[in-house]
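Residues per chain are reported as follows:
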Amino acid sequence: MNFASKIFLVSVLALLLGACATDTRDVPPAPEPEPRPTEPSDPVEVDRVNPSNYADSRNLDNPDSTLSQREIYFEFDRSDVRPEYVPIIRAHAAYLRANPSARMLLEGHADERGSREYNLGLGERRGNSVLDLMRAEGASASQIEVVSYGEERPVCRQSSESCWERNRRVEIVYTAR
Amino acid sequence: MYLNVKSFLNLFTTASLILLLLAGGARAQLQIEIVDGVEGALPIAVVPFDFGSAEMQPETPVHEVIAADLQRSGLFDPLPVTDMIDQPSRPPEVKLGTWRLLKVDYVAMGRWIPGGDGLSGEIEYHLVAVHSGRTLFSRAIAAGPGAFRLRAHQIADAIFEELTGAPGAFASRIAYVKVTDAGTDAEQFELIVADSDGHNPQTIVRHSEPIMSPTWGPEGRRLAYVSFATGRSNVVIQDIYTGQRDIIADGKGINGAPAFSPDGELLAMSLSRSGNSEIWVRTLASGRMEQLTEHWAIDTEPAWSRDGRNIFFTSDRAGRPQIYRVRRNGTNIERVTFEGDYNSRVSVDPYSGLLAMVHGGQANFRIAVLDRESERLRVLSPGRMDESPSFAPNGRMVLYAAREGERGVLAAVSVDGRFRQRLVLTEGDVREPAWSPLIQ
């Protein structure tokens, strides 16, 4: 193993440890169940889902749940996952663990700067960074595929940093829930 | 040599001459605008060719195509036809005194010699030097229906070579990717092949998924490119005449950055089937695959040296993307670029071996040319997002992609940086130009 790989591994471990510590401290206790309304049928079923239950597919569409967050953003020409995105990856890894038939595409993207084929490589490396963290969290590699679109699928088309930062991303796409 | 260098001392800045307004069909075509011109271009008259009462008149006047080519090179200043006092078609008819008064140094002319069938025949063409009165050449070239534009480009190449000492590159094509309705559900990617002057654009393939990285085979008939038609990147080779498509690489991960070897028998690519992007070479006849690099870095954008013994490529193994070189057998990897934070996407000049690349940092990405012998890096383009350099087959110009607002445009700059032109599409967003070899 070369020096750069070691640095990468150490930073991944550091991120994971940090994330674990943060999680045990910050996760709020499960809320007390609200008294049931008197109406026989509850119109908002999703309200009764615990947003921290990362095994529950309903949370994929629940804006209160971390599972509804599917974008991970990166710095220019970098592919290391910033600490604030680790909880999103942990939540999705937990979902994959709990749902072995679920399948996920990690779409890697880059901003327009620099050459297109290099950016294709960069998009894949970003996807692989997220994949590595998912696997470290116990998700099976067989559930996840990385595909890079480089700079070919921007979400924003102006040449400005506010646009570029939205394009440097990995999108989590479920192909089977 | 490359004409008299002293006569091109100063730049016209923002001359913005519209050179070619390509008329015709309903399709959007390329317009060509001169952005920065060269002062002191050679005065030449291209006289309307005498087609007499020939049954088969050319689809476009031959002299117009020739004059536009010469002007587009930045090295010639053709006299408008309306300023011509007479219209010779053979050297004995050239009245030297008249052309001297018009301050024209050279007169090109020609005529149609019909063949037996009334359709095909020959174009006879001549070049006369006005000061000496000497006929520099008199030649003939076979022509027929549908071939007049190509023949005109070849005549322009002959004039260019006679007067500059360097081969012309007008009888060539360009391939590029055009995007329409970007960012909408109707988004379409098209791979287009056009003549070097932007005329006659033909869609080679069209898809709603991205198309990337077109590159020519050395025979000018095959295009290799990256297709996302399956949702994943694949490398495809397509024959532009028969339309036959062969999928060359569709392994796990990235299949990208194709580059034909100079003999056309091998295809270098960047593939990530082994875990991350590495340079591979496929022998096209046998399908044999060889992996040339093995490194955790992104290794991509291979480009062959002229002798086919080495491959230049982009790698970020030192932290940022730089150009490296590896032997054909995968040994002796050495770093080539040291100036600047970001050097990538190298293109090798087929004529002299200069390297063009994307050169930049956080703020600007420009086209630069590196002379490996003098180790001199020259920045050629003024943009902020310039990319995809591609040398003309005679090595005199570099075609590249630039951004204007939210759309891509194509531009070409002379290797000395003195002359620049923009190829403007009337609609759509164009990118990734690739200049073909000469059409024989």
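Notes on the structure in this doc start here. Computed from a predicted structure; not experimentally measured. (Residues numbered from 1 in each chain as written. Chains lettered and ligands numbered in written order. Predicted model: local features only at pLDDT ≥ 70, side-chain atom pairs only at ≥ 80, totals over all residues.)

## Comments concerning the overall build of chain B
Stage number 1. Across its full length, chain B carries three helices and 32 strands.
Stage number 2. For chain B, the proportion of its 440 residues judged to be buried stands at 48%.
Stage number 3. Restricting to contacts in chain B with at least 6 residues of sequence separation, those with at least 24 account for 46%. (Helix = DSSP H or I, 4+ residues; strand = E, 2+ residues; numbered from the N terminus. Buried ≥ 20, exposed ≤ 12 C-beta atoms within 10 Å, placed from the backbone. Contact = placed C-beta atoms within 7 Å.)

## Brief notes about the packing of helix 2 (residues 86–98) of chain A against helix 3 (residues 116–136) of chain A
Residues and elements named next belong to chain A.
Stage number 1. Contact geometry of helix 2 with helix 3 gives a least axis separation of 9 Å together with a crossing angle of 60°. In terms of orientation, helix 2 lies oblique with respect to helix 3. Relative to helix 3, helix 2 is oriented so that their crossing is right-handed. Within the contact between the two elements, helix 2 uses V86, I89, H92, A93 and L96 and helix 3 uses V130, L133 and M134. (Axes fitted to C-alpha atoms, helices over the stretch in contact; angles between N-to-C directions. Parallel < 35°, antiparallel > 145°, perpendicular 65-115°, else oblique. Left-handed = near helix turned anticlockwise from the far one by under 90°.)

## Regarding the sheet that holds strand 9 (residues 172–180) of chain B
Residue and element names in this part refer to chain B.
Stage number 1. Spatial strand order, 11-10-9-32: four strands in an open sheet with antiparallel pairing. Among the strands making up the open sheet, the edge pair consists of strand 11 (202–207) and strand 32 (429–438). Across this sheet, the average inter-strand angle for adjacent strands is 15°, counted without regard to direction.
Stage number 2. Relative to strand 32, strand 9 runs antiparallel, the two being bridged by six bridges. Residue pairing for strand 32: K178 is matched across the bridge by V430. (Pairing = 2+ DSSP bridges.)

## Observations regarding helix 1 (residues 62–72) of chain B
Residue and element names in this part refer to chain B.
Stage number 1. Buried residues dominate helix 1, accounting for ten of its eleven residues.
Stage number 2. Among all positions in helix 1, only V62, H63, V65, I66, A67, A68, D69, L70, Q71 and R72 are buried.
Stage number 3. A positive backbone phi angle near 85° is found at G74, which sits one or two residues after helix 1.

## Some words on the packing of helix 1 of chain B against helix 3 (residues 148–164) of chain B
All names here are of chain B.
Stage number 1. Contact geometry for helix 1 and helix 3: axes closest at 8 Å, N-to-C directions at 45°. With respect to their mutual orientation, helix 1 and helix 3 come out oblique. Classified by chirality, the crossing of helix 3 by helix 1 is right-handed. On the side of helix 1, the interface is formed by V62, V65, I66, D69 and L70, while helix 3 contributes F148, R149, A152, H153, I155, A156, I159 and F160.
Stage number 2. Across the contact of helix 1 with helix 3, the residue classes break down as ten nonpolar, one polar and two charged. (Nonpolar A, V, L, I, M, F, W, Y, C, P; charged D, E, K, R; others polar.)

So far we have only geometry, and geometry alone does not tell us how the molecule works.
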